[in-house]
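# Residue-level structural notes
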Amino acid sequence: MAETKSQTPKLDELEKGRWPSFVKEIKTAAQKSPMAADLLGQLELSYNEKIGHWKHGGIVGVMGYGGGVIGRYSDVPDKFPNVSHFHTIRINQPAGWFYTSDALRKLCDIWERHGSGLTNMHGSTGDIIFLGTSTPHLEPIFSELTQAGFDLGGSGSDVRTPSCCVGPARCEWACYDTLALAYDLTMNYQDELHRPAFPYKFKFKMSGCPNDCVASIARADCSIIGTWRDSIQMDKDAVREYADRGMDIRSEVVDNCPAKCMDWDGKELHIDNSYCRRCMHCINIMPKALRPGKDRGAVVLLGSKAPIIEGALLSSVLMPFIKIEAPYRQIKDVIERIWDLWCEEGKNRERIGEFIQRVGLGNFLEAIDVEPVAEMVAHPRENPYVFYEEYFVEDEEEEKK
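To start, this report covers the structure provided alongside it. (Residues numbered from 1 in each chain as written. Predicted model: local features only at pLDDT ≥ 70, side-chain atom pairs only at ≥ 80, totals over all residues. Heavy atoms only, no water.)

## Some details on the pattern of salt bridges
- Taken as a whole and assessed by the stated rule, the structure comprises 21 salt bridges.
- Between Arg351 and Asp221 there is a salt bridge, with its nearest N and O atoms 2.8 Å apart. Residue Arg351 is found in the loop between helix H12 (329–345) and helix H13 (352–359), and its partner Asp221 is found in the loop between helix H8 (216–219) and strand S9 (222–228); the two are separated by 130 residues along the sequence. The pair formed by Arg351 and Asp221 is uniform in burial state, with each residue classed as buried.
- The residue Arg329 makes a salt bridge to Asp333 at a minimum N-O spacing of 3.0 Å. With Arg329 and Asp333 both in helix H12 and four residues apart, the pair spans about one turn of that helix.
- One continuous salt-bridge network, built from bridges that share partners, spans Asp12, Glu15 and Lys27. (Salt bridge = Lys/Arg side-chain N within 4 Å of Asp/Glu carboxyl O. Helix = DSSP H or I, 4+ residues; strand = E, 2+ residues; numbered from the N terminus. Buried < 20%, exposed > 50% of the residue type's maximum accessible area, 1.4 Å probe, protein only.)

What follows is the structure in structure tokens.
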């Protein structure tokens, strides 16, 4: 019997190798979903012609919301009619990505009824991603999602769905309750999340400790990272136990400390906490002996982004240490002043980090009524580009004399 020739030879190559393949998952979905089957065909065509065949179809969504649905259409609908519409839906994920199996079944059932059956759990935004549906199905999907207890997430120039690590639910290093803060911000900023009114997107990401398991410092316009301001807690007997079991504490811990604030004399570990940078390296290496201090809170950073219009940016310190306590007014007051300024003065598609670069940190801090502090300086012993105006006032008064 002659062997049947594959209709997707290039995609077949992506199934080879040791790693899981998205092609295999699409083929599995294609056994029941005509949309997934046509998706394979259009993707193979893109590989053959070396050009993408998706086009953005403008604004499409559900009644009353401006975000949550990303319109996408095929530019070859005559060849692949089942993906002539292939809209993406973002769904607000539970804080920390905790689900019951019943909730997951409800989501999958809704999606199999109204879409391709393909999901992305989770995208870099954090949301539950439903990949591929048509315009007539948007309202029924939204209705069934809300009945199941879910809401749409953010898309476009709005607050994107707040995202956080598992925090105190599973991590002993969490310095504040990331889950509670993520939920509070999500509920408090519903209008800003669903109805785009900003120059561009604004992301909140919350990490319970400096390990930053949600990579907030590289991806979030506002990063809220747990930290402490007193001394690292140390169990000296446990430190010696690590040494007795063969750990080279000097080479594995002390020599890798970025602040060089530690010393090991062969019997006892000494830490000069005034120089500690809270990097978590020593705690990660010796978790039974060291742990974060007791005076815990968070550092609030601002301005990271991926390289789209300008280059990539990491977040810069805005508030070196605050206590994270409900109703979180200290954070919200600053954020809302930032939004007022950014909405008034920001350019179209200009992230907040790019806005700060354009207007200057000194002008930005003055406009949002925040005093500059040394922790905001990105590079020590360089001009921090914050000018202390009182110095200039003193000089002018001396000149008048």
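## Describing the pairing of S9
- For S9, the tally of buried residues reaches seven of seven residues, placing the bulk of the element in the interior.
- Alternating residues of S9 divide into Cys222, Ile224, Gly226 and Trp228 and Ser223, Ile225 and Thr227, and every residue in both groups is buried.
- In terms of strand pairing, strand S8 (residues 204–207) meets S9 through four bridges, oriented parallel. Counterpart to Ser207 in the pairing with S9 is Ile225.
- Summarising the sheet, S9 and strand S14 (residues 296–302) pair through seven bridges and their orientation is antiparallel. Along S14, the bridge assignment pairs Ser223 with Leu301. (Pairing = 2+ DSSP bridges.)

## Concerning empty space enclosed by the protein
- Summed over the entire model, instances satisfying the criterion amount to three cavities of 30 Å³ or more.
- Approximately 100 Å³ is the volume attributed to the largest cavity.
- Forming the walls of the largest cavity are 16 residues, and the residues nearest its centre are Cys257, Cys276, Cys279, Met280 and Cys282.
- The element that contributes the greatest number of residues to the lining of the largest cavity is helix H11 (residues 281–285), accounting for three residues. (1 Å grid on protein atoms, 1.4 Å probe; cavity = no way out; pocket = protein on both sides within 12 Å on 5 of 7 lines; lining within 4 Å. Points joined across faces, edges and corners; volume = space filled by probe spheres on them.)

## Quick word on the packing of helix H6 (residues 178–188) against H12
- The contact between H6 and H12 brings their axes to 12 Å, and the two run at 45 degrees. By the criterion of interaxial angle, the relationship of H6 to H12 is oblique. Handedness of the H6/H12 crossing: right-handed. Together, Leu181, Asp184, Leu185 and Asn188 of H6 and Ile331, Lys332 and Glu336 of H12 make up the contact between the two elements. (Axes fitted to C-alpha atoms, helices over the stretch in contact; angles between N-to-C directions. Parallel < 35°, antiparallel > 145°, perpendicular 65-115°, else oblique. Left-handed = near helix turned anticlockwise from the far one by under 90°. Contact = heavy atoms within 4.5 Å.)

## A short note on the packing of aromatic side chains
- Taken as a whole, this structure holds 12 aromatic pairs when the rule is applied.
- For the ring pair Phe198 and Trp342, a centre distance of 5.4 Å and an interplane angle of 50 degrees mean the geometry is tilted. With Phe198 in the loop between helix H7 (190–194) and S8 and Trp342 in helix H12, this pair connects stretches of sequence that are 144 residues apart. One exposure class covers both Phe198 and Trp342, and it is buried.
- Judged by centre distance (5.9 Å) and plane angle (55 degrees), the rings of Phe202 and Trp342 are tilted. With Phe202 in the loop between H7 and S8 and Trp342 in helix H12, this residue pair connects regions lying 140 residues apart in the sequence. Note on accessibility: Phe202 and Trp342 belong to one class, buried.
- In textbook terms, an aromatic cluster arises when at least three aromatic residues are bridged by ring pairs, as seen for Tyr189, Phe198, Phe202, Phe204, Trp339 and Trp342.
- A cation sits over an aromatic face here: Arg18 above Trp19, 4.9 Å from the ring centre. (Phe/Tyr/Trp six-rings, centres within 6.5 Å; stacked < 30°, edge-to-face > 60°. Lys NZ or Arg CZ within 6 Å of the ring centre and 35° of its normal.)

## So, the layout of surface pockets
- Estimates place the volume of the second largest pocket at around 600 Å³.
- Contributing to the lining of the second largest pocket are 26 residues, with Ile26, Leu39, Ser116, Leu118 and Thr119 lying nearest its centre.
- For the lining of the second largest pocket, the elements supplying multiple residues, two or more each, are helix H2 (22–30), helix H3 (34–49), helix H4 (101–114) and strand S5 (115–120).
- Among the residues making up the lining of the second largest pocket, the classes are represented as 11 nonpolar, 11 polar and four charged. (Nonpolar A, V, L, I, M, F, W, Y, C, P; charged D, E, K, R; others polar.)

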